[in-house]
Amino acid sequence: MTIFLIEGDDRVNLSPALSSMYTVFVREHNRIADKLRCVNPHWHSEFVFQEARKLIAALMQQITYTEYLPVILGKEAMWRYGLTINSDGYDYSAYNPNVNAGISNSFATAAMKFVHTQIPSMLGFYENQTRYVNLEETYHRPWYAQQDGGRGMEEIMKWLVNDAQPETNRSFSYVILTWKISPSSKLLLRNNSCGRGL
């Protein structure tokens, strides 16, 4: 039986690794919501949902600014552009409610596309040793994450945590460039058309 995930972002089914990451954050949201509901039984369920959502957004920001961006940009660039997080908390005096928190067109259409160069050519499942599957076989097949009674997701997450991140550069991985089926060509075409819009 084919199972697709329903999520606020339609990319959830593109890759079992993405499906696994989405599932981890949804489960963490629900765990936090359960704790908030226990501590605040008078809160309306929608308020509990939104408060847990804010905490997940903060968690993602923490991971992005302390784990991911320093590796991508380097610590010097993080300091130069004021992207570091204080170890003793956030400086609320620097907050400006008039700053547009939206994403600029140039970032959304060009700069962020570099992430696609980090797509590995293989998907790994780690259980005592790593078992690899070609990326083409897993694209738009989220059930890889659901195999073995859900253990597929656990094995993918172990691989993501333990395996080296592909090098970030200006080129797509070989598998994306040579992939003969439509999903990767759509990715390349979408990236090209986004770049033309600048």
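This structure is a prediction, so every number in the text was calculated from the model and none was measured. (Residues numbered from 1 in each chain as written. Predicted model: local features only at pLDDT ≥ 70, side-chain atom pairs only at ≥ 80, totals over all residues. Heavy atoms only, no water.)

Asks: Please explain the overall build of the protein chain as it appears in this structure.
Replies: Within the protein chain one finds nine helices and two strands. Starting at the N terminus and walking to the C terminus, you meet the elements of the protein chain as α-α-α-α-β-β-α-α-α-α-α. Every one of the 198 residues in the protein chain was classed for burial, and the buried ones make up 27%. Within the structure as shown, the protein chain displays about 14000 Å² of accessible surface, and the carbon and sulfur contribution to it stands at 56%. (Helix = DSSP H or I, 4+ residues; strand = E, 2+ residues; numbered from the N terminus. Buried < 20%, exposed > 50% of the residue type's maximum accessible area, 1.4 Å probe, protein only. Areas by Shrake-Rupley, 256 points an atom, 1.4 Å probe, with all protein chains shown as cover.)

Asks: Would you mind going over the nonpolar core with me for this structure?
Replies: Among soluble globular proteins, nonpolar side chains are generally buried collectively. Grouped together as the largest cluster of nonpolar side chains are ten residues: Ala17, Leu123, Phe125, Val133, Tyr144, Ala145, Met153, Ile156, Met157 and Trp159. Put simply, the parts of the chain that give this core at least two residues each are strand 1 (122-127), helix 6 (143-146) and helix 7 (151-162). Not counting residues up to four positions away in its chain, the partners in contact with Ile156 are Pro16, Ala17, Ser20, Leu123, Gly124, Phe125, Tyr144 and Ala145. Counting residues in each nonpolar core, the second largest holds seven residues, with Phe25, Ala33, Ala52 and Ile56 among its members. (Core = buried A, V, L, I, M, F, W, Y, C linked by side-chain atoms within 4.5 Å. Contact = heavy atoms within 4.5 Å.)

Asks: What am I meant to see in the packing of aromatic side chains here?
Replies: Each aromatic ring pair is described using two quantities: the centre-to-centre distance and the angle formed by the ring planes. What the rule picks out here adds up to one aromatic pair. Measuring from centroid to centroid gives 4.8 Å for Trp43 and Phe47, while their planes differ by 85°, and the two rings are edge-to-face. Among the residues examined, Phe47 registers a relative accessible area of 40% and is labelled partly exposed. Against the face of Phe125 rests Arg131, its NZ or CZ located 4.5 Å from the ring centre. (Phe/Tyr/Trp six-rings, centres within 6.5 Å; stacked < 30°, edge-to-face > 60°. Lys NZ or Arg CZ within 6 Å of the ring centre and 35° of its normal.)

Asks: I tried to follow the side chain of Glu155 on my own but got confused; where do I start?
Replies: Residue position: Glu155 is located in helix 7. On the basis of relative accessible area, Glu155 is assigned to the buried category, the value being 6%. With residues up to four places along the chain from it excluded, the contact list for Glu155 reads Gly124, Phe125, Tyr126, Glu127 and Arg131.

Asks: What exactly am I supposed to notice about helix 1 (residues 16-39) here?
Replies: The α-helix advances 3.6 residues per turn, and as a result positions three or four apart in sequence lie on the same side. For helix 1, spanning 24 residues, the distance from its first C-alpha to its last is 35 Å, which sits close to the expected 34 Å at 1.5 Å a residue. What helix 1 keeps buried is the set Pro16, Ala17, Ser19, Ser20, Tyr22, Thr23, Phe25, His29, Ile32, Ala33 and Leu36. You can read the cap of helix 1 off the contacts: a side-chain oxygen lies 3.1 Å from the backbone nitrogen of Ala17, and it is on Ser15. (Expected span 1.5 Å × (residues − 1). Polar contact = N/O pair within 3.5 Å; in protein donor to acceptor, adjacent residues only side chain to side chain.)

That is the geometry; function is a separate question.
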